[in-house]
Structure formats: C-alpha cells, structure tokens
Amino acid sequence: MKLILLGAPGAGKGTQAEVICDYLNIPAISTGNIIREALKNGTEVGLKAKSYMDEGKLVPDEVVIEIIKERLAKDDCKNGFILDGFPRTVPQAEALDAMGIEIDKVIDIEVADEKIMQRLSGRRVCSDCGASYHTMYKPSKAEGVCDKCGGKTVLRKDDHPDTVKERLSVYHTQTEPLKDYYEKAGKLQIVEGQEEVKDTSALVIKALEA
Ligand code: AMP
C-alpha cells in the first residue's frame, strides 16, 4: 500500500508512521529525518536546507522532490511505503503524480494549533539517536538524558515557540490545501488526533481498513 500521512507539524505523523510501518511492514519515509541526517553529515542537500529549516520555513520544492525521487527508487519501496512529511505543497503532490506513483490513501491527522504549541514546546529529542520525549507526557527517566542510549536530549531548534508559530502558519497556507487536492481525488481519510497515542493509532488503523 502507498500511503501519505498529512497533518500539521507535531500532529503525531512520525509516531503513527512507525505504527503503520509495523502493521503493514512497509517503510516509513520522513523527508524531515532525511534532511536532518544530511545536515548531520554536512552534505550539500543538508547545507542547502539548513537556513530554511531553522526558520521553520519549507525547503524549496525542487530539493525535496529530488530527495524523495531517490528514496522511492530504492528496493524496499517496491511493496509500498508511508510518506511522513511529503508532500507539503501542491507542486510536490503534482510531482509525485508526475512520477507515475499511484497513492492508495491519504490519512490526515487533525490536531488544534494550541495543542500543537503545547506538544512541540515540551518535545525533547536525543541528539544522538533521535528518540523522542516530552517533558509532560513522556519524560525521560533522568532529565536531559536519553533512556535508550544515554545521549543528551534537547529542544529541537525548530521546536522553539516562535519557530513553531511560523511552521503552523506555513502549514495552513502551503500544506493544508493538499486536503482539498486529495479529497477531490477521493483518497482523503480524516482522523482526529486523540490525547493518547494508542487511541489515535486505533483510528488510523481503522482508516487504513476503511
Ligand atoms: P519535519 O520533521 O517533517 O517537521 O520536517 C522538518 C523541516 O524539514 C520542515 O520544517 C522543513 O523545513 C523541512 N521539510 C521536511 N519535509 C519537507 C517537505 N516535504 N517540503 C519542504 N520542506 C520540508
């Protein structure tokens, strides 16, 4: 199955992508993670993306389209995939169509902006292994230390409140129109994000089977 997860930053797409990945045994592909990895490795793509990312803006379409083209050409995508964080603009969705990729379903996870502000400002990620925590909902055992690898947990630069506001504004103007795009194509399924991750997962699985 070829799936797209839509939703604002912080709506829980990454977590649900992992759940679907285990459920359907297809890879979850996050353009955000690919870009962060490129940045860590100091590649050209990483350098191009850095300033946009730090300011909460979208990386130019041609850069992310190239990234996704390369990723989807890999063998593990043959039986399907879950896209988390791509497409984020109508031209990106059109590029996907132009690649001849037939998407089966688009699941949009809806969470109110205020809730997202609260979630992202409390999010902490391990700077070594990328594991995710939350100061209120999922604290690490020792403050500032990753439970999994002992690395340092930090507030992502783009999770600072002002940057989150910018990311939400970018989401509403540039990404939200995709709901209409996929609604018209008869592919959109809306899921209301719940307080508990497992409750959202149950709704996501239901939407997959609908
Ligand atoms: P994420 O982890 O999905 O929130 O992505 C983090 C950042 O990476 C975003 O705020 C953008 O700067 C960049 N990014 C990730 N995916 C895309 C995309 N499809 N289009 C443009 N920029 C992207």
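This structure is a prediction, so every number in the text was calculated from the model and none was measured.

A closer look at the sheet that holds strand E5 (residues 123-126)
Across a sheet, strands are paired by hydrogen bonds formed along the backbone, either parallel or antiparallel in direction.
Then, number 1: Here we have three strands laid out as an open sheet, ordered E6-E5-E7, and antiparallel in their pairing. In the strand order of this sheet, the two ends are held by strand E6 (132-134) and strand E7 (153-154), each with one partner.
Then, number 2: Sitting on the sheet, helix H6 (residues 113-122) touches E5 and E6, and the angle it makes with E5 is about 35°.

Points about the site of the ligand
Then, number 1: Inspection of the region around the ligand gives 16 residues, with Thr31, Arg36, Lys57, Gly85 and Gln92 positioned closest.
Then, number 2: Lys57 places a polar main-chain atom, nitrogen or oxygen, 2.6 Å from an oxygen atom of the ligand.
Then, number 3: Here a nitrogen atom of the ligand sits 2.9 Å away from a polar atom, N or O, in the main chain of Gly85.
Then, number 4: In isolation the ligand exposes 480 Å². Once the protein is present, 95% of that is buried.
Then, number 5: The biggest single contributor to the shell around the ligand is helix H2 (residues 31-40), with four residues.
Then, number 6: When its residues are assigned to classes, the shell around the ligand shows six nonpolar, four polar and six charged.

Considerations on the pairing of strand E1 (residues 2-7)
Then, number 1: For E1, the buried fraction is high: five of the six residues fall into the buried class.
Then, number 2: Where E1 meets strand E3 (residues 81-84), four bridges bridge the pair, whose relative direction is parallel. Bridged to Leu5 within E3 is Asp84.
Then, number 3: Bridge analysis of E1 against strand E4 (residues 105-110) gives five bridges, and the strand direction is parallel. Along E4, the bridge assignment pairs Leu3 with Lys105.

Quick word on the side chain of Thr89
Then, number 1: One can find Thr89 in the loop between E3 and helix H5 (90-98).
Then, number 2: In terms of polar contacts, Thr89 uses its side chain to reach the side chain of Asp61, at 3.0 Å.
Then, number 3: Here Thr89 is in contact with Leu58, Asp61, Gln174 and Leu178, once residues within four sequence places are set aside.

Overview of the sheet that holds E1
Then, number 1: Taking strand neighbours across the sheet as the criterion, the five strands line up as E2-E3-E1-E4-E8 in an open arrangement whose pairing is parallel. Either end of the sheet is taken by a strand with one partner, and the two such strands are strand E2 (28-30) and strand E8 (188-192). Averaged over neighbouring strand pairs, the angle between their axes works out to 25° when direction is ignored.
Then, number 2: Note: E2 against E3, three bridges, orientation parallel. When the bridges of E3 are listed, Ile29 appears paired with Leu83.
Then, number 3: Against the sheet, helix H1 (residues 13-24) makes contact with E1, E2, E3 and E4, and its axis sits at roughly 160° relative to E1, the strand it touches most.

Rules used throughout
Residues numbered from 1 in each chain as written. Predicted model: local features only at pLDDT ≥ 70, side-chain atom pairs only at ≥ 80, totals over all residues. Heavy atoms only, no water. Pairing = 2+ DSSP bridges. Helix = DSSP H or I, 4+ residues; strand = E, 2+ residues; numbered from the N terminus. Contact = heavy atoms within 4.5 Å. Axes fitted to C-alpha atoms, helices over the stretch in contact; angles between N-to-C directions. Near = heavy atom within 4 Å. Polar contact = N/O pair within 3.5 Å; in protein donor to acceptor, adjacent residues only side chain to side chain. Areas by Shrake-Rupley, 256 points an atom, 1.4 Å probe, with all protein chains shown as cover. Nonpolar A, V, L, I, M, F, W, Y, C, P; charged D, E, K, R; others polar. Buried < 20%, exposed > 50% of the residue type's maximum accessible area, 1.4 Å probe, protein only.

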